[in-house]
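Chain residues, written in single-letter form:
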Amino acid sequence: MTIGHTAASVRRAGTRALLLEFDALETVLAAHQQLSRHPLHGQEELVAAARTVMIRFSSPAALTAGRAELERTPLPERQRSEAREVTIDVVYDGEDLPALAEQLSMSVEQLIEWHTSRTWTAAFGGFAPGFAYCVPDSRSMQVPRRRSPRTAVPAGSVALAGEFSAIYPRRSPGGWQLIGRTGAAMWDLERESPALVRPGDTVSYRAVDALPEAAAAAPASPDGGSENAALKVVSAGMQTLVQDFGRAGLSDLGVSRAGVADEAAAAQANRLVGNPQSAAVLEAVMGGLSLRAARTVVLALTGAQAQAEVVGPESVRSAPLCAPFVLMEGETLTLRAPTRGLRSIVAVRGGIDAEPVLGSASSDTMSGLGPAPLAEGQGLSLAEPQGLSPVGVPEQPTLYVPDDAGRAVLRFTYGPRQDWFDSAEQARLAEQDWQVTAQADRIGLRLAPDPDDEHARPLRRAKEDELPSEGVPRGSLQMPPEGSPVLFLNDHPVTAGYPVIGVVVPEDLSIAAQLAPGTAVSLQPVDPDTLAPTHILEARP
């Protein structure tokens, strides 16, 4: 028996990922165990879910080779490791509890009794660090998700969706039904094993009337007193984050890639100041960042089209874009709001010094991993990377150029779940224009039909079933029931429960990172192997 032949289907999920679909969770776990122990050539990420395993490869060529290798990969029975038993105290006062009990033809008390009387098994992780999908030992129920996900679910929320129960480790978006809350720390980097519940563990929920008061966290103090600080933050603007190129290979722990949103701009900025491409940079949203030099440094600004000025004791001058420049000791650099684009990248020769977490210094806004957002008064020290090169020469901007209609064009491939929409609705995704809404951050962009087009509307599903949660790659166009796509960016959850109609190609995600609210967007379907424009509406099998 081989994995490729055992899967009910093998679907393309963009240009670099495959989604293997199985008939039973046990087969999913066996396939995941086999591929974890014996990775395919070019395999970079592996995400198990309710009925699927997603494999992300290093390149389209590696995907092609890996797919052929799947047909020859044996699928032995899963070997069960020794499980731990975890008991979690829950106050059952969730916002969705009364309505959900009524929907399931139960009383609130009956639903609580059902939830606490089952022994649950953590089948797999995903969505966020510490988020464990747990299945009951008996009498499972299919719990529908909300028609539209919440933009923020409180940390510690106990929730149901499909056949699963789970706890949100931290405040994050989510479409599950909230039935209670717990004070248990689901993810803690201070523990030897950060996840409280790991795959294979058994979980019991215990109803309580109240939870112990959580100890107040000590406020983080900016590193403004660092003797080695080369820069001081005068103003952090709307949001400024330390970013490198992210945490690859940890999706199975629920840890997304994160990393700088506009990779092209970050690579250019580091190249201009002579840094290695992977050096940590600053990512500033909508300008407003002001930095004062404690000693002379070399910087570069790339990304969004934004004016910047340098104010010194006796002079004021403009700072160039896409070119290296010197900030003298005592001078202050200030970024203005962009006239086009959203994110400015600031690279400093030497790179920003930040403590790596799970191998990366990037800030992950979904999981909270990595450095906190910059704060006024904070000092920034520089790293000492090996292999510094001479500073570069001015370059052309990497910022996208709108098409003749003023739209940002994003290329995408259909699938893996385009079959949840009929051919006319699939075509509508590409034929009508979309607009970036105000719900836009590093997790993703919510798109809406062009408000100036009276014929534009959300997409209508052909299937109204509940899709079990499954792995989703960066760039996924996820479709909630209301019919407007959500484009997942760097801090997106590694699994999700709405169908993905298409995936934006990795080469265009730097464009997506620069799309401010109100920007018009055109989605252009392309062939997953050649990236040539196409009107074929079926994803390749």
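Reading the values: rules and limits
- Residues numbered from 1 in each chain as written.
- Predicted model: local features only at pLDDT ≥ 70, side-chain atom pairs only at ≥ 80, totals over all residues.
- Heavy atoms only, no water.
- Helix = DSSP H or I, 4+ residues; strand = E, 2+ residues; numbered from the N terminus.
- Rg over C-alpha atoms; globule rule 2.2 N^0.38 Å.
- Buried < 20%, exposed > 50% of the residue type's maximum accessible area, 1.4 Å probe, protein only.
- Contact = heavy atoms within 4.5 Å.
- Areas by Shrake-Rupley, 256 points an atom, 1.4 Å probe, with all protein chains shown as cover.
- Lys, Arg positive; Asp, Glu negative; His and termini not counted.
- Charge placed at Lys NZ, Arg CZ, Asp CG, Glu CD.
- pLDDT = per-residue confidence, 0-100.
- Salt bridge = Lys/Arg side-chain N within 4 Å of Asp/Glu carboxyl O.
- Polar contact = N/O pair within 3.5 Å; in protein donor to acceptor, adjacent residues only side chain to side chain.
- Pairing = 2+ DSSP bridges.
- Axes fitted to C-alpha atoms, helices over the stretch in contact; angles between N-to-C directions.

1. Structural notes on the overall build of the chain
Check the secondary structure of the chain and you find 8 helices and 33 strands. For a compact globule of 541 residues, the expected C-alpha radius of gyration is about 24 Å, and the chain comes in at 24 Å, within 12% of that figure. When its C-alpha atoms are laid out on the principal axes, the chain stretches across 75 × 55 × 50 Å. For the chain, the proportion of its 541 residues judged to be buried stands at 56%. Contacts spanning at least 24 positions in sequence make up 73% of the contacts within the chain whose residues lie at least 6 apart. A total of about 22,800 Å² of accessible surface is found on the chain, and carbon and sulfur atoms cover 50% of it. A gap of 2 Å separates the mean positions of the 46 positive and 65 negative side-chain charges of the chain.

2. Quick look at the confidence of the model for the chain
Across the chain, pLDDT averages 92, with 95% of residues at or above 70. Taken as a whole, residues 218-225 scores under 50 in pLDDT and shows 9 contacts with residues more than four places along the chain or in a different chain.

3. Observations regarding the pattern of salt bridges
Pairing between side chains of opposite charge can happen when their charged atoms approach one another. What the rule picks out here adds up to 32 salt bridges. Note that E507 and R16 form a salt bridge whose closest N and O atoms lie 3.9 Å from each other. Pair noted here: E507 is in the loop between β32 (500-504) and α8 (509-512) and R16 is in the loop between β1 (9-12) and β2 (17-21), with a separation of 491 residues, a long-range link. By relative accessible area, which is 28% here, R16 ends up partly exposed. Between R257 and E263 there is a salt bridge, with the nearest N and O atoms lying 2.2 Å from each other. Its relative accessible area of 18% is what places R257 among the buried residues. Under the relative-accessibility criterion, E263 is labelled partly exposed at 24%.

4. Some points on the side chain of T519
Of note, T519 is situated in the loop between α8 and β33 (520-525). Classification of T519 as buried rests on a relative accessible area of 14%. A distance of 2.7 Å separates a polar side-chain atom of T519 from the backbone oxygen of A516. The contact partners of T519, leaving out residues within four places of it in the chain, are Y400, A408, W434, Q435 and V436.

5. Points about the environment of Q268
With respect to the helices and strands, Q268 occurs in helix α6 (residues 263-273). Looking at Q268, the relative accessible area reads 1%, which means it is buried. Between the alpha carbons of Q268 and M238 there is a distance of 23 Å; along the sequence they are 30 residues apart. The residues contacting Q268, other than those within four sequence positions of it, are T302, C322, E395, Q396, P397 and T398. A distance of 2.8 Å separates the side chain of Q268 from the backbone oxygen of Q396, its partner in a polar contact.

6. So, the side chain of D96
Along the polypeptide, D96 turns up in the loop between β5 (85-90) and α4 (97-103). By relative accessible area, D96 is classed as buried at 7%. Reaching out from D96, the side chain makes a polar contact with the side chain of R146 at a distance of 3.5 Å. Polar contacts involving the side chain of D96 include one to the main-chain amide nitrogen of L178, which spans 2.8 Å.

7. Details of the pairing of strand β25 (residues 408-414)
Counting buried positions along β25 gives 5 out of 7 residues, so the element sits mostly inside the fold. As paired elements, β25 and β33 share 5 bridges and run parallel to each other. Across the sheet, residue L410 finds its bridge partner in β33, namely L523. Note that β25 and β32 share 3 bridges and pair antiparallel. What sits directly across from T413, in β32, is V503.

8. As for the sheet that holds strand β15 (residues 239-243)
As a general point, the strands of a sheet are linked pairwise by backbone hydrogen bonds and lie either parallel or antiparallel. Pairing is antiparallel in the open sheet, where 5 strands are placed in the order β15-β16-β23-β18-β21. This sheet does not close on itself; its edge strands, each paired only once, are β15 and β21 (324-327). Strand-to-strand twist of the sheet, defined as the mean angle between neighbouring strand axes without regard to direction, takes the value 30°. Against the sheet, α6 contacts β16 (281-285), β18 (297-305), β21 and β23 (340-348), and its axis sits at roughly 155° relative to β18.

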